[in-house]
Amino acid sequence: MHIPFCASKCGYCDFYSIPCPAASTSGRVRLIDDYCDALMLQMEDEGKRVSDCLVDSAYIGGGTPTMLSQRQLLDLLDCLCDNFKVPVDAEITLEANPGTVERFTRRELSALKAAGISRVSMGAQSSQDEELAALGRIHKFSDVRSSFGLLREAGFDNISLDLMYGIPQQTMESFFASLDDIISLRPEHISLYGLAVEPGTPFEAVRDQLILPSDDQMYEMYISAVDYLGSAGYPQYEISNFARPGRESRHNLRYWRGGEYLGFGAAAASFYGRRRTRIARDIDSYINIMRADGNLKPLYDEDEYDSDEDVRQEYIMLRLRLAEGISDSDYLARFGESFADRYQVDLLRLLRGGYMVRENDSWRLTPAGMYVSNYILSDLLDFGEELNV
Ligand code: SF4
């Protein structure tokens with residue numbers, strides 16, 4: 001479920017969200033209300049279509065879902081459970097901005113937990129207040145500490161914190177101070193993202209004025225963090241994700257293992273029955289369509305069916321993100337050919353360069369390989385296509 005509202009827009013953000021600095025103004029309150037109603041209408045429609053599906057994970061992301069009121073979040077959860085088969089042990093994650101968690105009382109947060117939210121993912125990003133300000137975040141690190149404490153008091157025992165590297169003016173020293181501060185809170189899960197200046201973001205307009213860490217420093221931060229987090233009890237299980245054993249995100253693993261998912265709301269993507277769709281980044285049209293006949297097809301800015309070759313390439317792209325990598329026997333069973341034979345020249349080159357290792361039945365990227373996985377994958381998959389010709 002995509003909630004496209006934020007208190008303000010962060011400088012690096014290319015997620016779809018609109019700033020609602022004055023959510024208290026009646027126009028904004030009505031817009032958020034109307035949007036939640038539209039989400040519930042979409043859930044009712046989709047629930048009829050896929051009534052036999054077991055929804056063992058859900059993710060309320062954004063944007064900033066904690067811009068919604070407790071009542072709105074409870075209504076969304078009720079609607080989810082009324083329209084889909086949601087087992088009691090489903091992993092339901094709520095994304096939270098540390099600057100907005102304390103809008104809720106401990107009692108309200110406990111009620112959200114009782115209603116099914118089992119996991120909270122909070123965008124801490126850094127423990128250095130000047131770095132948070134440079135990113136355009138609305139919070140300080142003291143908000144992360146207090147929100148984290150409040151969530152624990154409310155009973156949340158599965159909390160993930162996001163951390164960024166490559167922040168303007170960040171040094172190795174300040175990055176490691178952030179890592180230590182995050183680890184000292186003892187979350188169950190940590191995500192680590194490198195800052196990229198994306199087209200269309202506020203940062204792009206001032207790119208020349210940003211003092212960003214060099215590529216070498218970025219690489220050093222990533223590689224040493226993988227090691228450091230592993231020693232602190234957070235083994236890497238995906239390019240950007242680290243967890244205490246057993247606390248890996250079930251929802252995200254579903255994406256990376258090629259599972260099906262349904263997306264609700266403006267900008268939300270779905271993959272179901274080999275069909276990939278993405279709803280346009282347009283809150284008003286989304287609300288209007290859901291109020292009218294619920295036919296979202298004209299609003300899709302992506303609508304395609306995966307071919308057999310798409311499925312195979314997607315499998316490689318997603319599996320190599322994971323520390324578990326690609327198992328020879330699983331690949332053979334799915335695609336009727338040997339992964340090692342098809343890509344032998346590339347795989348040997350990657351092994352020799354230290355970008356990949358082979359363990360038992362599996363091929364997996366090393367941390368150095370994960371850091372440059374985009375290049376590795378485009379090389380590997382282009383080679384695959386040439387072989388086809
Ligand atoms: S809080 Fe998250 S979604 Fe909202 S503007 Fe900042 S980075 Fe983007």
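Residues numbered from 1 in each chain as written. Predicted model: local features only at pLDDT ≥ 70, side-chain atom pairs only at ≥ 80, totals over all residues. Heavy atoms only, no water.

**Observations regarding the overall build of the protein chain**
How we decide: Working definition: helices are DSSP H or I runs of at least four residues, strands are E runs of at least two. Numbering for both runs from the N terminus. The size measure is the radius of gyration over C-alpha atoms, and the globule rule it meets is 2.2 Å times the number of residues to the 0.38 power. Classification of residues uses two cut-offs on accessible area relative to the type maximum, computed with a 1.4 Å probe and protein chains only: under 20% is buried, over 50% is exposed, and between them is partly exposed. Two residues qualify as a contact provided that any one of their heavy atoms is within 4.5 Å of a heavy atom in the partner residue.
For the protein chain, the helix and strand inventory stands at 16 helices and 16 strands. Over its C-alpha trace the protein chain gives a radius of gyration of 21 Å, about what one expects of a compact globule, namely 21 Å for 389 residues. Expressed as lengths along the three principal axes of its C-alpha atoms, the size of the protein chain is roughly 60 × 50 × 40 Å. The buried share of the protein chain, taken over its 389 residues, is 50%. Sequence-distant contacts in the protein chain: of pairs separated by 6 or more residues, those separated by 24 or more amount to 70%.

**Description of the packing of aromatic side chains**
Rules: Only centres within 6.5 Å qualify two rings of Phe, Tyr or Trp (six-membered ring in Trp) as a pair; their planes then separate them into stacked at under 30 degrees, edge-to-face at over 60, and tilted for everything else. Lysine NZ or arginine CZ positioned within 6 Å of the ring centre and within 35 degrees of the ring normal marks a charge as sitting over the ring.
Applying the stated criterion across every chain, the model contains 18 aromatic pairs. Between Phe176 and Tyr228 the ring centres are 5.1 Å apart and the planes differ by 85°, which places this aromatic pair in the edge-to-face class. Highlighted residues: Phe176 in helix H6 (residues 172–184) and Tyr228 in helix H8 (residues 215–231), separated in sequence by 52 residues. Consider the rings of Phe339 and Tyr343, whose centres lie 5.3 Å apart with planes at 55°: the pair is tilted. When the ring centre of Phe104 is taken as origin, the NZ or CZ atom of Arg103, which lies over that ring, is 5.5 Å away.

**A few points about the domain arrangement of the protein chain**
As a reminder, the rule being used: Segmentation into domains, and thus their bounds, comes from an automatic or database assignment. By buried area we mean the combined loss of accessible area, with a 1.4 Å probe, across both parts when two parts are placed together. One side-chain nitrogen of Lys or Arg within 4 Å of one carboxyl oxygen of Asp or Glu is enough to make a salt bridge. Contacts described as polar in this section are N or O atom pairs within 3.5 Å, which, within protein, must combine one atom able to donate a hydrogen with one able to accept it, while residues neighboring in sequence count only if both atoms come from side chains.
Annotation of the protein chain at the domain level lists domain 1 (2–256) and domain 2 (308–388). Placing a centre on the C-alpha atoms of domain 1 and another on those of domain 2 gives a separation of 30 Å. Counting residues at the interface gives 14 residues for domain 1, matched by 10 residues for domain 2. Surface buried jointly by domain 1 and domain 2 totals about 1100 Å² across both partners, of which 66% is contributed by carbon and sulfur atoms. Three residues, Tyr219, Ile239 and Trp256, lead the burial of domain 1 against domain 2; their summed loss comes to 48% of the area buried on that side. Our enumeration of links across domain 1 and domain 2 arrives at 1 salt bridge. Between Glu238 and Arg321 there is a salt bridge, with the nearest N and O atoms lying 2.5 Å from each other. The tally of links between domain 1 and domain 2 comes to 4 residue pairs in polar contact (both at pLDDT 80 or more). Counting only elements with at least two residues in the side of domain 1 that touches domain 2, the list comes to H8, strand S9 (236–238) and helix H9 (250–256).

**Re the nonpolar core**
Rule in force here: Put simply, a nonpolar core is a bunch of buried Ala, Val, Leu, Ile, Met, Phe, Trp, Tyr and Cys residues held in one set by side-chain atoms that sit within 4.5 Å of each other.
Core analysis: the biggest nonpolar cluster contains 95 residues, and Met43, Leu76, Leu109, Ile117, Tyr286 and Ile316 have the highest contact counts within it. Looking at this core, the element that brings in the most residues is helix H1 (residues 26–49), giving 8 residues. Of the domains in this structure, domain 1 (2–256) and domain 2 (308–388) are the two that each give at least three residues to this core. Every residue in contact with Met43, bar those within four places of it in the chain, is listed here: Met1, Leu76, Cys79, Leu80, Asn83, Phe84 and Phe264. With 10 residues, the next largest nonpolar core counts Cys13, Leu135, Ile167 and Phe203 among its residues.

**Quick word on the confidence of the model for the protein chain**
Definition in use: One number per residue, pLDDT, summarises how confident the predictor is, and it ranges from 0 to 100.
Put simply, the protein chain has an average pLDDT of 94, and 96% of its residues get 70 or more. For the stretch residues 383–389, pLDDT sits under 50, and the model shows 9 contacts to residues farther than four places along the chain or on other chains.

**As for the sheet that holds strand S8 (residues 189–194)**
Sheet strands pair by backbone hydrogen bonding; their relative direction is either parallel or antiparallel. What counts, and what does not: Pairing between strands is defined by DSSP: at least two bridges between the two strands are required.
Taken in spatial order, the 8 strands make up an open sheet running S1-S4-S5-S6-S7-S8-S10-S9, and their pairing is mixed. The open sheet has two edge strands, strand S1 (2–3) and S9, and neither has a second partner. Bridge analysis of strand S6 (residues 119–125) against strand S7 (residues 159–165) gives 4 bridges, and the strand direction is parallel. Each residue of the ladder has a partner; that of Gln125, found in S7, is Leu163.

**Considerations on the pattern of salt bridges**
For the coordinates displayed, the defined rule picks out 24 salt bridges. Asp306 is the partner of Arg276 in a salt bridge, and the nearest nitrogen-oxygen pair spans 3.0 Å. Of the two residues, Arg276 is situated in strand S12 (residues 275–279) and Asp306 in the loop between strand S13 (300–305) and helix H11 (308–319); the sequence distance between them amounts to 30 residues. What makes Arg276 buried here is its relative accessible area of 14%.

**Focus: the environment of Ser142**
Within the secondary structure layout, Ser142 lies in helix H5 (residues 141–153). Between the alpha carbons of Ser142 and Ser160 there is a distance of 17 Å; along the sequence they are 18 residues apart.

**Details of the sheet that holds strand S16 (residues 362–365)**
The cut-off we apply is this: To define axes, lines are fitted to C-alpha atoms, for helices over the stretch in contact only, and angles between the resulting N-to-C directions are given on a 0 to 180 degree scale.
Strand order in this open sheet of 3 strands is S14-S16-S15, and the pairing throughout is antiparallel. Every other strand in the sheet has two partners, leaving strand S14 (326–327) and strand S15 (356–359) as the edge strands with one partner each. Running at roughly 105° to S15, helix H14 (residues 344–353) makes contact with S15 and S16 of the sheet.

**With respect to helix H2 (residues 70–83)**
Heads up, the condition is: Here the expected span of a helix is defined as 1.5 Å times the quantity of residues minus one.
Taking 1.5 Å per residue, 14 residues should reach 20 Å; H2 reaches 20 Å between its end C-alpha atoms and fits that length. Of all the residues in H2, the buried ones are Gln70, Gln72, Leu73, Leu74, Leu76, Leu77, Cys79 and Leu80.

**Quick notes on unusual backbone geometry**
Across residues other than glycine, the phi torsion is negative in most instances, and most of the peptide bonds are trans. A cis geometry characterises the amide bond from Gly62 onward to Gly63, with omega recorded as 15°. Summarising the element assignment, Gly63 is placed in the loop between strand S4 (57–62) and H2. Its identity as a non-glycine residue notwithstanding, Gln125 has a phi of 75°, on the positive side. The residue Gln125 is located in strand S6 in this model. The class of Gln125 is buried, set by a relative accessible area of 6%. The phi dihedral of Asn360 falls on the positive side, at around 50°, and the residue is not glycine.

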